[in-house]
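Remarks on the overall topology
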Amino acid sequence: MINNHMLKRKLDWDYRQRCIYMTTVTVEKRRPLLGQLTGGLDTPAVELSDVGVMVAQCWQEIPSRFPGISLLEWQVMPDHFHGIIFVQVPQEKPLGAIVGAFKAHSTSLYRAGARQEAHLWSPGYQDTILLHRGQLANMRAYIQDNPRRLAVKRAHPELFRIIRDLSVYGHIFAAIGNHFLLDAPVKRQVQISRSVPPDALAAAEADLLAAAQHGAVLVSPCISAGEKQIARAALQAALPLIVILENGFPPLYKPPKSYFDACAAGRLLMLAPWPHHTDRRSLTREQCLTLNRFAEQITQTDNTP
């Protein structure tokens, strides 16, 4: 049996070594104990409760309790907390002990204020190891953008709600986004071979984007590099897109930034034919053929089983 605190851990990684980590902890049962969203879509911000202020103070005390640790970015949200930790000097204890000490200290203060044996945090925590160029900047931007993302989701909840049983051509998909894109009269499949030469890829991209600019919805499984390139170009040009994904959606899934903004604008539908999994998998040839077959079927004009 795997303990809660070991969930999502990278088993072959030494969490005591010098590195930068993005961490997330959630309030038990996702109760909005830490604050409330204010300002709406124009000037979104989180007004901290007394508990939220206390949590922020506990977080800022980490460097004094663990020398060699720096805090690069953090954000208190109503029902969760994000923080980026820089382990500048190798530690005697792993990252889990640092996060655990923060959770234990804040829980102790919370219980003292609540005068009861109340739980503050859900078991465990999420971490992302920031190893690659651009990851730190992306995570900083994500944390800073959290209040706006929450405001957008509250303004358009139907576009971010996970549907587990959407029927499309007799197949059942999990779905997030604008289901009405399936009803578009013209849909174009994006299927690009991995071996396509650059000039042919450029011609296909121009043709597909031109069709989308004239009302077509692009449908892509985003398998090959060319398919991913065209999907990115469609998102950047604010064009409608249906994406078919190999991996499904966890219960609290949040679309990444480019998908998030397209989803909020009603320009994106994400479909997943198979359940969510947490392990890294390579697509099999059969899966690739199946995803392309789904894309081909969806480009038909009539969504009838």
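Summarised in this report is the structure supplied together with it. (Residues numbered from 1 in each chain as written. Predicted model: local features only at pLDDT ≥ 70, side-chain atom pairs only at ≥ 80, totals over all residues. Heavy atoms only, no water.)

Considering the sheet that holds strand S8 (residues 171-177)
Picture the strands of a sheet paired through backbone hydrogen bonds; they go either parallel or antiparallel. Judged by pairing direction, the sheet is mixed, and its six strands sit side by side in the order S7-S8-S12-S11-S10-S9 without closing on themselves. The open sheet terminates on both sides in strands that have one partner only, identified here as strand S7 (163-168) and strand S9 (187-189). Each adjacent strand pair in this sheet contributes to an overall mean axis angle of 30°, direction not counted. As judged from the three bridges shared by S9 and strand S10 (residues 217-220), these two strands associate in the parallel manner. Residue pairing in the sheet places arginine 188 in a bridge with leucine 218 of S10. (Pairing = 2+ DSSP bridges. Helix = DSSP H or I, 4+ residues; strand = E, 2+ residues; numbered from the N terminus. Axes fitted to C-alpha atoms, helices over the stretch in contact; angles between N-to-C directions.)

Structural notes on the pattern of salt bridges
Between side chains of opposite charge, a pair can form when the charged atoms approach closely. Under the criterion given, the structure shown has 10 salt bridges. Put simply, glutamate 73 and arginine 140 hold a salt bridge, and the shortest N to O gap is 2.9 Å. Of this pair, glutamate 73 sits in strand S4 (residues 69-76) while arginine 140 sits in helix H4 (residues 135-155), and the two are 67 residues apart along the sequence. Taking relative accessible area as the criterion, glutamate 73 reaches 16% and is therefore assigned buried. Put simply, Asp145, Arg148, Lys257 and Asp261 are held in one network by salt bridges that share partners. (Salt bridge = Lys/Arg side-chain N within 4 Å of Asp/Glu carboxyl O. Buried < 20%, exposed > 50% of the residue type's maximum accessible area, 1.4 Å probe, protein only.)

Notes on unusual backbone geometry
One non-glycine residue, lysine 29, adopts positive backbone phi at about 60°. Checked against the element boundaries, lysine 29 lands in the loop between strand S1 (19-26) and strand S2 (35-38). Of note in this structure, tyrosine 169 is not a glycine but carries a positive phi near 55°. Relative to the elements of secondary structure, tyrosine 169 occurs in the loop between S7 and S8.

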